[in-house]
Amino acid sequence: MDDDLADLRRRDLHRRRRLVRLREGSHVRLGGRDFVSFASNDYLGLAGDPRLAREAARMARRYGCGAGASPLVSGYLAPHRALERDLARWEGVESALVFSSGFAANLALAGTLAGEGDAIFSDALNHASLIDGCRLARARTHIYRHADVNHLHDLLVRLGRSARRRVIVSESVFSMDGDWAPLPELADLARRHDCSLLIDEAHATGVFGANGRGLAELLAFRSQANDFPITVGTLSKALGAQGGFVAGTRRLIEWLVNRARPYIFSTALAPPVAGAARRAVAIVAAEPERRARLLARAEFLRERLRASGYPASGSRSQIVPVVVGSARAALELSQRLRRRGLLVPAIRPPTVPDGAARLRISLTAMHSEEDVLRLVAALADR
Ligand SMILES: Cc1ncc(COP(=O)(O)O)c(C=O)c1O
């Protein structure tokens, strides 16, 4: 362990946690100092919404703070069922299943959809939870170049035919680049090559689409058949609570309940959290102005960055990377911003590829234009 930690330090890859003492809107207090934070996935500002807190308190009083058991034993409670019904209605699908985290939902789905003799085709920039799900699946995993449908097509033709089943796995909005997967093209390839399509909407849930369902809703491509694609979402980011969910057919959900080990062998989501998440779903559907404000801020930030000479990134969302290259350069830039009261995390390998360390600017609906201008001015002052 000592050798490993020393090696991480030597390569500027050592990580440590910072204690946040207070959070209020887009501001946080660390070590006695206030910062404007560009480091949160609470994209719509719902984590601190009193309506969620009230519902959480009501559920805690009625059902307790913990579910007490896995859902198949005795942990499946009324708030879970109500949340799943609301999620299914919101997503416009037959059924939904709630997990204790988005990570668990991805492990479960990727790890269960494919098995021995099957083939998974996975985007090179997929999140660790999808990668680990693929590892658990015991299927062959083929990595296609990021968002490259020609490469995916090539792999499907060369390596897909001999597989018993085929699964394509992708995020919709990529967590570290803020760009979009080519969803309509992925759906088309999936149809032509008889694949299941798993789309992780973690960073798009609540942010895109008229009802906030995600990028698939915005691109209106889910209408072909009601089990296509299979969607994963998280309750922990724009929904301001905690947990993950899978949305799909009744058959898929029944199968996961019987087969998905991260669901079967883990305590159900805490009832207050289920209550809070349910309230958040209702707010997200009813208050589209939150996501409109968020996306307008993101556009404003990209414009300002371009105007001050930062290369336009491929971001098309509330996540805007400033790629600097080495881990050391990313750390130094992040520290420079900290000295100016701005919290922007340096993201280093293995979270991003070698040589692509960056600042990950994460906007929320709570940021003002002044916050954005302050950040751009600090970046521009080299
Ligand atoms: C793309 C993606 N999927 C899934 C997850 C996991 O979600 P959760 O934080 O709810 O476990 C994350 C979180 O970092 C993510 O970025």
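All figures in this text were calculated on a predicted structure; none of them were measured in a lab. (Residues numbered from 1 in each chain as written. Predicted model: local features only at pLDDT ≥ 70, side-chain atom pairs only at ≥ 80, totals over all residues. Heavy atoms only, no water.)

Around the ligand, the surrounding shell holds 15 residues, and the nearest of these are Asp-200, His-203, Thr-234, Ser-236 and Lys-237. Within the side chain of His-127, an N or O atom sits 3.3 Å from an oxygen atom of the ligand. When the free accessible area of the ligand is taken as 390 Å², the share hidden by the protein chains comes to 84%. Classifying every residue of the shell around the ligand by side-chain character gives two nonpolar, 10 polar and three charged. (Near = heavy atom within 4 Å. Polar contact = N/O pair within 3.5 Å; in protein donor to acceptor, adjacent residues only side chain to side chain. Areas by Shrake-Rupley, 256 points an atom, 1.4 Å probe, with all protein chains shown as cover. Nonpolar A, V, L, I, M, F, W, Y, C, P; charged D, E, K, R; others polar.)

Let us now look at the sheet that holds strand S12 (residues 342-343). Spatial strand order, S1-S2-S3-S12: four strands in an open sheet with mixed pairing. With partners counted over all chains shown, the strands left at the sheet margins are strand S1 (20-24) and S12, one partner each. Sheet analysis places strand S2 (residues 27-30) next to strand S3 (residues 33-37), joined by four bridges and oriented antiparallel. Bridge pairing in S3 places Leu-30 opposite Arg-33. (Pairing = 2+ DSSP bridges. Helix = DSSP H or I, 4+ residues; strand = E, 2+ residues; numbered from the N terminus.)

So, on to the side chain of Asp-12. If you trace the backbone, Asp-12 turns up in the loop between helix H1 (2-10) and S1. Among the polar contacts listed, one links the side chain of Asp-12 to the side chain of Arg-328, at a separation of 3.2 Å. Dropping the residues within four chain positions of it, Asp-12 is found in contact with Ala-327, Arg-328, Leu-331 and Arg-348. (Contact = heavy atoms within 4.5 Å.)

Turning our eyes to something else, we now look at the sheet that holds strand S14 (residues 357-362). Taking strand neighbours across the sheet as the criterion, the three strands line up as S11-S14-S13 in an open arrangement whose pairing is antiparallel. Of all strands in the sheet, those with a lone pairing partner are strand S11 (319-325) and strand S13 (346-347), marking the two edges. Here S13 runs beside S14; their pairing, made up of two bridges, is antiparallel. Counterpart to Ile-347 in the pairing with S14 is Arg-358. Along the sheet, helix H13 (residues 288-307) contacts S11 and S14; its crossing angle with S11, the most-contacted strand, is approximately 30°. This element, helix H14 (residues 327-339), spans S11, S13 and S14 of the sheet and lies at about 40° to S14. (Axes fitted to C-alpha atoms, helices over the stretch in contact; angles between N-to-C directions.)

Scanning the model with the defined rule gives two aromatic pairs in all. For the pair Phe-99 and Tyr-263, a centre-to-centre distance of 5.4 Å together with 70° between the ring planes defines the contact as edge-to-face. Here the residue Phe-99 occupies a position in strand S4 (residues 95-99), and Tyr-263 occupies one in helix H11 (residues 261-264), the gap between them amounting to 164 residues. Judged on exposure class, the residue Phe-99 and its partner Tyr-263 are both buried. (Phe/Tyr/Trp six-rings, centres within 6.5 Å; stacked < 30°, edge-to-face > 60°. Buried < 20%, exposed > 50% of the residue type's maximum accessible area, 1.4 Å probe, protein only.)

Mapping Arg-293 onto the fold places it in helix H13. In this structure, the C-alpha to C-alpha distance between Arg-293 and Arg-259, residues 34 residues apart in sequence, is 41 Å. Only 3.1 Å separates the side chain of Arg-293 from the backbone oxygen of Ala-365, close enough to count as a polar contact.

Per-residue pLDDT for the chain averages 94, and the proportion of residues at 70 or more is 98%. Low confidence marks residues 223-227, where pLDDT is under 50. Its contacts with residues over four positions away, or in another chain, come to five contacts. (pLDDT = per-residue confidence, 0-100.)

Next up on the list: empty space enclosed by the protein. For the structure on display, the rule yields two cavities of 30 Å³ or more. A volume near 60 Å³ is recorded for the largest cavity. In this structure, the largest cavity is lined by Pro-71, Val-98, Phe-99, Ser-100, Pro-262, Tyr-263, Ser-266, Thr-267, Ala-268 and Leu-269. Those elements that place two or more of their residues in the lining of the largest cavity are S4 and H11. Its residues assigned to classes, the lining of the largest cavity shows seven nonpolar, three polar and no charged. For the second largest cavity, the full set of lining residues is Pro-71, Tyr-76, His-80, Glu-84, Val-98, Tyr-263, Ala-268 and Leu-269. (1 Å grid on protein atoms, 1.4 Å probe; cavity = no way out; pocket = protein on both sides within 12 Å on 5 of 7 lines; lining within 4 Å. Points joined across faces, edges and corners; volume = space filled by probe spheres on them.)

This next bit is on helix H5 (residues 102-113). Given a rise of 1.5 Å per residue, 12 residues ought to cover 16 Å, and the 16 Å separating the end C-alpha atoms of H5 matches this to within 8%. With 10 of 12 residues buried, H5 is to be regarded as a mostly interior element. Considered for burial, the residues of H5 that qualify are Gly-102, Ala-104, Ala-105, Asn-106, Leu-107, Ala-108, Leu-109, Ala-110, Thr-112 and Leu-113. The N-cap of H5, judged by a side-chain oxygen 3.3 Å from the amide nitrogen of Phe-103 a few residues on, is Ser-101. (Expected span 1.5 Å × (residues − 1).)

Here we take up the pattern of salt bridges. Per the stated rule, a full pass over the model turns up 23 salt bridges. Residues Asp-118 and Arg-164 are paired through a salt bridge, measuring 3.1 Å at the closest nitrogen-oxygen approach. Taken together, the residues span a long stretch of sequence, with Asp-118 in the loop between H5 and strand S5 (119-123) and Arg-164 in the loop between helix H7 (149-160) and strand S7 (166-171) at a distance of 46 residues. Residue class for Arg-164 comes out exposed when judged on its relative accessible area of 54%. (Salt bridge = Lys/Arg side-chain N within 4 Å of Asp/Glu carboxyl O.)

Contact geometry for H13 and helix H15 (residues 369-380): axes closest at 10 Å, N-to-C directions at 25°. Relative to H15, H13 is oriented roughly parallel. Pair H13 / H15 crosses with right-handed handedness. Contacts between H13 and H15 pair Arg-297, Phe-300, Leu-301, Arg-304 and Leu-305 from the former with Glu-369, Val-372, Leu-373, Leu-375, Val-376 and Leu-379 from the latter. A class-by-class count of the residues in the contact of H13 with H15 yields eight nonpolar, no polar and three charged. (Parallel < 35°, antiparallel > 145°, perpendicular 65-115°, else oblique. Left-handed = near helix turned anticlockwise from the far one by under 90°.)

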